Amino acid sequence: MHIELNLGFWSQCEHHLLPFHGTVHVGYIYPKGIHDPLPKPLLQSIVHFFGFKLQVQERLTRQIAETVSSLLGEDVMVVVEADHTCMISRGIEKFGSNTATVAVLGRFSTDPSARAKFFEGIPKGSGGR
């Protein structure tokens, strides 16, 4: 398994037209015959591509996972942690809190130990910063 942590992003909420930003963590299990990880700049480009448009966090998470999956096969997991200006300004979230979304594909959706190993690799309190 390879884990790429803390890929930063900015996006804009399609419902409220206010920014949200945070970090993306991508984990994947190497398919047979591939032993080199995807270059971090490629993963960052995928994150930026989907982030630079009107977006919702759940869709952003899924789009990143599906794109990485199309490059490597289906065993991909993505966690997006973000601070939402729209939620803070409306009083739904307190300043400094964040929202996390998860997309799991392939083995990550059926293997609890693979999911656990991925979650253990994410530093506690990374929370969009």
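Rules of the game
Residues numbered from 1 in each chain as written. Predicted model: local features only at pLDDT ≥ 70, side-chain atom pairs only at ≥ 80, totals over all residues. Heavy atoms only, no water. UniProt positions renumbered as here; feature names shortened; annotations may be inferred. Helix = DSSP H or I, 4+ residues; strand = E, 2+ residues; numbered from the N terminus. Buried < 20%, exposed > 50% of the residue type's maximum accessible area, 1.4 Å probe, protein only. Contact = heavy atoms within 4.5 Å. Areas by Shrake-Rupley, 256 points an atom, 1.4 Å probe, with all protein chains shown as cover. Pairing = 2+ DSSP bridges. Phe/Tyr/Trp six-rings, centres within 6.5 Å; stacked < 30°, edge-to-face > 60°. Lys NZ or Arg CZ within 6 Å of the ring centre and 35° of its normal.

Per an unreviewed UniProt entry, the chain goes by GTP cyclohydrolase 1 and derives from Trapa incisa. A UniProt comment under Pathway (unreviewed entry) is attached to the chain, and it reads "Cofactor biosynthesis; 7,8-dihydroneopterin triphosphate biosynthesis; 7,8-dihydroneopterin triphosphate from GTP: step 1/1." What the UniProt record of the chain gives under Sequence similarities (unreviewed entry) is the line "Belongs to the GTP cyclohydrolase I family."

**Student:** Any chance you could break down the overall build of the chain for me, citing the residues and the numbers?
**Tutor:** Within the chain one finds 5 helices and 5 strands. Element order for the chain, N to C, with α for helix and β for strand: β-β-α-β-α-β-α-β-α-α. Put simply, the chain has 129 residues, and 43% of those count as buried. Considering only intrachain contacts with a sequence separation of at least 6, the fraction spanning at least 24 residues in the chain is 67%. Of the accessible surface of the chain, which amounts to about 6800 Å², a share of 59% is contributed by carbon and sulfur atoms.

**Student:** I'd love a proper account of the pairing of strand 4 (residues 76-84), names of residues and values included.
**Tutor:** Within strand 4, 9 of the 9 residues are buried, which leaves it mostly tucked inside the rest of the structure. Summarising the sheet, strand 2 (residues 19-28) and strand 4 pair through 9 bridges and their orientation is antiparallel. Looking at the pairing, Gly-22 lines up with Ala-82 of strand 4.

**Student:** For the packing of aromatic side chains, give the residues involved together with the corresponding values.
**Tutor:** Following the criterion strictly, the structure yields 5 aromatic pairs and no others. With a centroid separation of 5.8 Å and 85° between ring planes, the pair formed by Tyr-28 and Tyr-30 is classed as edge-to-face. Given the relative accessible area of 0%, Tyr-28 is considered buried. Aromatic rings pair up to connect Phe-108, Phe-118 and Phe-119 into one cluster. One Lys or Arg, Lys-53, reaches over the ring of Phe-49 and ends 4.7 Å from the middle of that ring.

**Student:** Now, about the pairing of strand 1 (residues 2-13): what can you tell me, with residues and values included?
**Tutor:** One face of the sheet, then the other: side chains in a regular strand alternate in exactly this way. The pairing of strand 1 with strand 2 spans 9 bridges and is classified as antiparallel. If you follow Leu-7 over to strand 2, its bridge partner there is Val-24. Linking strand 1 back to strand 2 in an antiparallel pair, the connection comprises 5 residues, with Leu-17 at a positive phi of about 55°. Summarising the sheet, strand 1 and strand 3 (residues 54-55) pair through 2 bridges and their orientation is parallel. Pairing of Cys-13 across the sheet is with Gln-55, part of strand 3.

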